[in-house]
Amino acid sequence: MRLSRALTTNTEGREGASRVAPLLSSGVSKGSLPGPYPQTPEERAAAAKKYNLRLEDYQPYPDDGKGYGDYPMLPNRSQQERDPWYSWDHPDLRRNWGESMHWDFDMYTRNRVDTSPSPVDWSTMSKTLLGYLGFMLLMFGLGEVFPMYQPVMPKQYPYNDLYLERGGDPEKQPKPVKHYEI
Amino acid sequence: MADYKEAPLASRPKTLDPAEYFNLSPEYRRAEEERAAIRARLKRQYQMQLNNPLRKELIEDPALTRWTYARVHVLPNFKATPKTSLLGGLFGVFPLFALYFLFSSDRNKKEQQIKDGTYQRPYRLSY
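These figures come from a predicted structure and were not determined experimentally.

Attention now goes to the overall build of chain A. For chain A, the helix and strand inventory stands at four helices and zero strands. Taken from N to C terminus, the helices and strands of chain A fall in the order α-α-α-α. Expressed as a percentage of its 182 residues, the buried residues of chain A come to 26%.

And the structure:
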């Protein structure tokens with residue numbers, strides 16, 4: 001249901017449908033909500049004005065049916081990148097009142113995804129990390145295949161391998177167990 | 001550092017941005033002036049509302065309203081193109097059937113093993 005249709009009171013052609021009350025009382029005029037993809041240059045200019053962008057800066061998402069409509073495509077940069085010393089209207093979000101929000105604004109907040117410049121460039125970082133992880137995995141794998149430890153033997157017990165302690169018959173003579181060789 | 005390459009999650013630092021040093025043309029300056037004018041108009045609107053002593057209600061942000069509206073009303077702008085159909089099939093239809101067949105075959109195998117008596121229970125059913 002489109003909000004613009006709700007704000008007008010025209011309910012002809014919708015027999016059986018009850019009249020839907022407007023969702024918002026004031027402050028939202030008919031042309032100020034997002035609409036479909038702008039086809040004509042006038043629609044583009046109106047959309048740029050609606051989103052508080054310059055006509056040259058306004059770039060809608062391509063019209064391939066994914067559902068963006070005329071929402072502007074802003075650069076994919078996180079809020080963490082914005083100047084921390086400028087006097088924003090909302091300093092925690094680093095945003096001014098009335099400024100068009102990025103489609104993924106909730107992803108680009110300072111608690112979440114960050115696109116700030118990295119100290120070294122991305123390929124060097126990935127190569128270093130993956131190289132280190134790969135090397136450790138390789139070495140641990142090799143250690144499983146070729147184990148190396150101090151030579152060990154099963155434990156040797158005295159008194160013919162503890163014959164009496166293990167419940168052997170005291171009358172019978174146990175088999176003599178010799179743990180040494182001379 | 002001169003060969004710093006950008007990535008989707010790592011933008012170029014401002015000190016390495018060539019636009020900082022070379023962008024002094026009048027067109028660029030005019031564009032910046034227009035952007036500053038828009039920003040100043042919005043700032044003024046906000047500050048007038050913020051510092052109004054007779055204001056009792058919350059200041060409503062139309063950009064926020066537009067953003068929430070746009071995020072919710074994706075279906076009216078949806079079109080069934082080959083790309084969207086492929087994505088829908090790949091992420092919606094295929095996992096549904098694939099997981100059904102995976103789970104059902106795995107469980108049937110286990111059921112058959114229990115019936116034959118070859119299944120080793122990892123935990124006791126009772127004491």
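The subject of this paragraph is the overall build of chain B. Per the secondary structure count, chain B includes four helices and zero strands. Counting from the amino terminus, helix and strand elements in chain B follow one another as α-α-α-α. In terms of overall size, chain B is more extended than a compact globule, its C-alpha atoms giving a radius of gyration of 30 Å where 127 residues would be expected to give roughly 14 Å. The principal-axis extents of the C-alpha atoms in chain B amount to approximately 85 × 55 × 45 Å. For chain B, buried positions account for 16% of its 127 residues. For chain B, the separation between the mean place of its 22 positive charges and that of its 14 negative charges on side chains is 6 Å.

The subject of this paragraph is the domain arrangement of chain B. Taken domain by domain, chain B holds domain 1 (13-77) and domain 2 (79-126). Inter-centroid distance (C-alpha atoms) of domain 1 of chain B to domain 2 of chain B is 49 Å.

So, about the interface of chain A and chain B. In many analyses, interface size is given as the accessible surface area lost on bringing the parts together. On the chain B side, the residues contacting the 55 residues of chain A number 45 residues. Between chain A and chain B the total buried area reaches about 4,000 Å² when both faces are included, carbon and sulfur atoms providing 56% of it. For chain A, the biggest contributors to the area lost against chain B are Arg-54, Trp-97 and Trp-103 of chain A; these three give 19% of the whole. Of the charged contacts in the structure, one is a salt bridge between Asp-61 of chain B and Arg-95 of chain A, with a shortest N-O distance of 2.9 Å. Joining chain A to chain B, the criterion identifies 18 residue pairs in polar contact (both at pLDDT 80 or more).

Since the α-helix advances by 3.6 residues per turn, residues separated by three or four positions end up pointing in the same direction. Residues and elements named next belong to chain B. Taken together, the buried positions of helix H3 (residues 62-72) are Ala-63, Arg-66, Trp-67, Tyr-69 and Ala-70. Looking straight down H3, one finds that the buried residues subtend no more than 165° of arc, so they occupy a single side. The N-terminus of H3 is capped by Asp-61, whose side-chain oxygen sits 3.1 Å from the backbone nitrogen of Ala-63.

The next point concerns the UniProt feature "transmembrane region" (unreviewed entry) in chain A. Taking the numbering used here, the UniProt-annotated feature "transmembrane region" (unreviewed entry) corresponds to residues 129-149 of chain A. A distance of 30 Å separates the end C-alpha atoms of residues 129-149 of chain A, which is 81% helix and 0% strand.

Now for the environment of Gly-117 of chain B. Among the secondary structure elements, Gly-117 of chain B is positioned in the segment after helix H4 (82-116). For Gly-117 of chain B and Ser-104 of chain B, which are 13 residues apart along the polypeptide, the C-alpha to C-alpha distance reads 20 Å.

Of note, Thr-115 of chain A is situated in the loop between helix H2 (41-50) and helix H3 (122-145). The class of Thr-115 of chain A is buried, set by a relative accessible area of 1%. Of note is the side chain of Thr-115 of chain A, whose polar atom sits 2.9 Å from the backbone nitrogen of Ser-78 of chain A. Not counting chain neighbours up to four residues away, the residues in contact with Thr-115 of chain A comprise Asn-76, Arg-77, Ser-78, Glu-81 and Tyr-108 of chain A together with Pro-8, Leu-9, Ala-10 and Ser-11 of chain B.

Counted under the stated rule, the structure contains 14 salt bridges over all chains. In this structure, the salt-bridge partner of Asp-63 of chain A is Lys-79 of chain B, at a minimum N-O distance of 3.2 Å. One end of the pair, Asp-63 of chain A, is in the loop between H2 and H3; the other, Lys-79 of chain B, is in the loop between H3 and H4, on a second chain. The class of Lys-79 of chain B is partly exposed, set by a relative accessible area of 35%. In the salt-bridge network here, residues are joined through shared partners; they are Arg-54, Glu-56 and Asp-57 of chain A together with Glu-32, Glu-34 and Arg-35 of chain B.

Turning our eyes to something else, we now look at the confidence of the model for chain B. When pLDDT is averaged along chain B, the result is 91, and 98% of the positions lie at 70 or above. This complex was scored by the predictor with a pTM of 0.73 and an ipTM of 0.79.

This next bit is on the nonpolar core. Most often, soluble globular proteins keep nonpolar side chains buried together rather than apart. Tyr-51, Leu-53, Tyr-58, Tyr-71, Met-101 and Trp-103 of chain A together with Trp-67 of chain B are the most contacted members of the largest nonpolar core, which has 13 residues in total. Apart from residues lying up to four places away in sequence, Met-101 of chain A is in contact with Tyr-71, Leu-74 and Arg-95 of chain A together with Ala-63, Leu-64 and Trp-67 of chain B. Trp-97 of chain A together with Ile-38, Tyr-46 and Ile-59 of chain B belong to the second largest nonpolar core, which has five residues in total.

Conventions we followed
Residues numbered from 1 in each chain as written. Chains lettered and ligands numbered in written order. Predicted model: local features only at pLDDT ≥ 70, side-chain atom pairs only at ≥ 80, totals over all residues. Heavy atoms only, no water. Helix = DSSP H or I, 4+ residues; strand = E, 2+ residues; numbered from the N terminus. Buried < 20%, exposed > 50% of the residue type's maximum accessible area, 1.4 Å probe, protein only. Rg over C-alpha atoms; globule rule 2.2 N^0.38 Å. Lys, Arg positive; Asp, Glu negative; His and termini not counted. Charge placed at Lys NZ, Arg CZ, Asp CG, Glu CD. Domains from an automatic or database assignment. Contact = heavy atoms within 4.5 Å. Buried area = accessible area lost by both parts, 1.4 Å probe. Salt bridge = Lys/Arg side-chain N within 4 Å of Asp/Glu carboxyl O. Polar contact = N/O pair within 3.5 Å; in protein donor to acceptor, adjacent residues only side chain to side chain. Arc of directions from axis to C-beta. UniProt positions renumbered as here; feature names shortened; annotations may be inferred. pLDDT = per-residue confidence, 0-100. Core = buried A, V, L, I, M, F, W, Y, C linked by side-chain atoms within 4.5 Å.

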